[in-house]
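Structural characterization, general
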Number of protein chains: 2
Amino acid sequence: MTIKLYDLVGEDKSKPFSPHCWKVKMAIAHKGLEFESVPTSFVDIDKMENGGFSTVPLIRHGKNLVHESFEIALYLRNSYPDVGDRLFHGEGGIALSRFVESWTLTQLHTWIAGWAILDIHNMLDDENKVYFRESREKRAGKTLEEFVSNREDSIPELVKILNAMNLMLKKQPFIGGRYPRYADYIVFGAFQWLRVVSGLHMIPKGTRMLEWLERMLDLHDGLGRSVPQANT
Amino acid sequence: MTIKLYDLVGEDKSKPFSPHCWKVKMAIAHKGLEFESVPTSFVDIDKMENGGFSTVPLIRHGKNLVHESFEIALYLRNSYPDVGDRLFHGEGGIALSRFVESWTLTQLHTWIAGWAILDIHNMLDDENKVYFRESREKRAGKTLEEFVSNREDSIPELVKILNAMNLMLKKQPFIGGRYPRYADYIVFGAFQWLRVVSGLHMIPKGTRMLEWLERMLDLHDGLGRSVPQANT
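This part is about the pattern of salt bridges. Residue and element names in this part refer to chain B. Taken as a whole and judged by the stated rule, the model has 28 salt bridges over all chains. A salt bridge links Asp85 to Arg181; the shortest N-O distance between them is 3.4 Å. Here Arg181 lies in the loop between α6 (155-168) and α7 (182-197) and Asp85 lies in the loop between α2 (69-79) and α3 (91-122), a separation of 96 residues in the sequence. Arg181 gets classed as buried once you look at its relative accessible area, which sits at 6%.

Here we take up the domain arrangement of chain A. Residues and elements named next belong to chain A. Domain assignment breaks chain A into domain 1 (3-79) and domain 2 (91-225). Computed from C-alpha atoms alone, the centre-to-centre distance between domain 1 and domain 2 is 18 Å. Contact with domain 1, which involves 26 residues of that partner, is made by 33 residues of domain 2. The largest share of the area that domain 1 buries against domain 2 comes from Met26, Phe42 and Phe70, three residues that together contribute 28% of it.

Chain-level statistics for chain A give a pLDDT mean of 97 and a share of 100% at 70 or above. Our summary of model confidence lists the complex with pTM equal to 0.97 and ipTM equal to 0.95.

The next point concerns the relation of the copies chain A and chain B. Two copies of the chain are present, and they differ by a rotation about an axis and a shift along that axis. Superposing chain A onto chain B requires a rotation of 180 degrees together with a translation of 0.0 Å along the rotation axis, leaving an RMSD of 0.0 Å. Taken together, the rotation angle and the small translation identify this as a two-fold axis.

About the criteria used
- Within every chain, residues take consecutive numbers counted from 1 along the sequence as written.
- Naming scheme: in the order in which they are written, chains are lettered from A and ligands are numbered from 1.
- Totals for whole chains, interfaces and linings use every residue, but because this is a predicted model, local features are given only for residues with pLDDT of at least 70 and side-chain atom pairs only at 80 or more, for both listing and counting.
- Remark: hydrogens and water are excluded; side-chain values derive from all non-hydrogen atoms of the structure.
- A pairing counts as a salt bridge when a side-chain nitrogen of Lys or Arg comes within 4 Å of a carboxyl oxygen of Asp or Glu.
- The secondary structure listing takes helices from DSSP runs of H or I that are at least 4 residues long and strands from runs of E that are at least 2 residues long, numbered from the N terminus.
- Only protein chains enter the accessibility calculation, which uses a 1.4 Å probe; a residue is then buried when its area is under 20% of its type maximum, exposed when over 50%, and partly exposed in between.
- The domain limits used here are those given by an automatic or database domain assignment.
- Working rule for contacts: check all heavy atoms of both residues, and any pair within 4.5 Å makes them a contact.
- The term buried area means the drop in 1.4 Å probe accessible area that two parts suffer when joined, counted for both and summed.
- Looking at any residue, its pLDDT shows the predictor's confidence there, from 0 to 100.
- Residues reaching a pLDDT of at least 70 in both copies supply the C-alpha atoms on which the copies are superposed by least squares.

Below is the structure:
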């Protein structure tokens, strides 16, 4: 039974960019399962499954509707305990993945949103551009152009954030240890978002983090690599 | 068989402050085991067990000598699989604790060292003061006083770092989930270091992180609370 995934896209439906949807796609592939994407723009989100949801990802799996990336990962784990590879590898792995998620959301996503917000806007069709600009400028209290005008100044902050990854990668090839686990997909989702929307040119070359990202892009027959890096 | 722990102290031997030693003390207590502290000053570190070590913690357990906090935690786990509570709760818990350790070292410890370096100096006896000032000023390229002169300016950065903890604590009471695990002791070690050396007055009141810290201080018959908070 194929999993139907509502996947956020811009004008070009072949370049899905939501970090949260990427986590789910990698988790589904990790379990060796199939998914069918339903390309969904920002303004279409509240029409998914007859309404009631304001964010992606959402999956439809037979009779089941599961919302939110971590919940979907737990659903896959619990529905397919004996299928594919383990997403968490123990109760401790689940709990600590919550820490990785919180770190990713508060540190990485905050940084990436600050860098990429105008690039995201530029990937959208006209109707979505209007929605995105209005909602984000209201939240930020400034224009998208003002928001990113000094974005180069924030690179040292990213380098500092990445130190946590680089130090860990001296000990093991993946956050999950010898093999990737859901925690890796959490962090991968963030960098895939940045990669598809803005590219990765701002990340210093030769870091362990970039080597890890290449390993992540190779996984599951190059699932992540199937969408090209932006050239902004 | 009691575990002998070489534990870093200043002039007042009743106030051990090393984050790495605190991780180990909490881990030993977590397993329901006993330890005996050997108060060790900075200049005594290279005399431990006839030399050969340049950092604490080091434990002597019968014939075994185990060095470095994470290695000691793994040693306790492997030596006492059926004693006390689990420190990691699965292979995933071990791997992800490495991420928590790397985050703690690169983000929290870096911040705390910048805040507390002069307070640490002031806790030492005269011989250790000379060693500490010379080695740290050489490394930093400035005096300890210069190092901390604008430390209040770094509080917003700490608040940002703590967002990762505060968001996670909306989901679960400990990094380890429903119960504390070694990952909690990794982060606790950092805040206990700050608490004993400089106090916690710079952390905004009413945050989930401080509530978590109170829970951590209550563990194991108030082991962490047995050393008072500094009043700097």
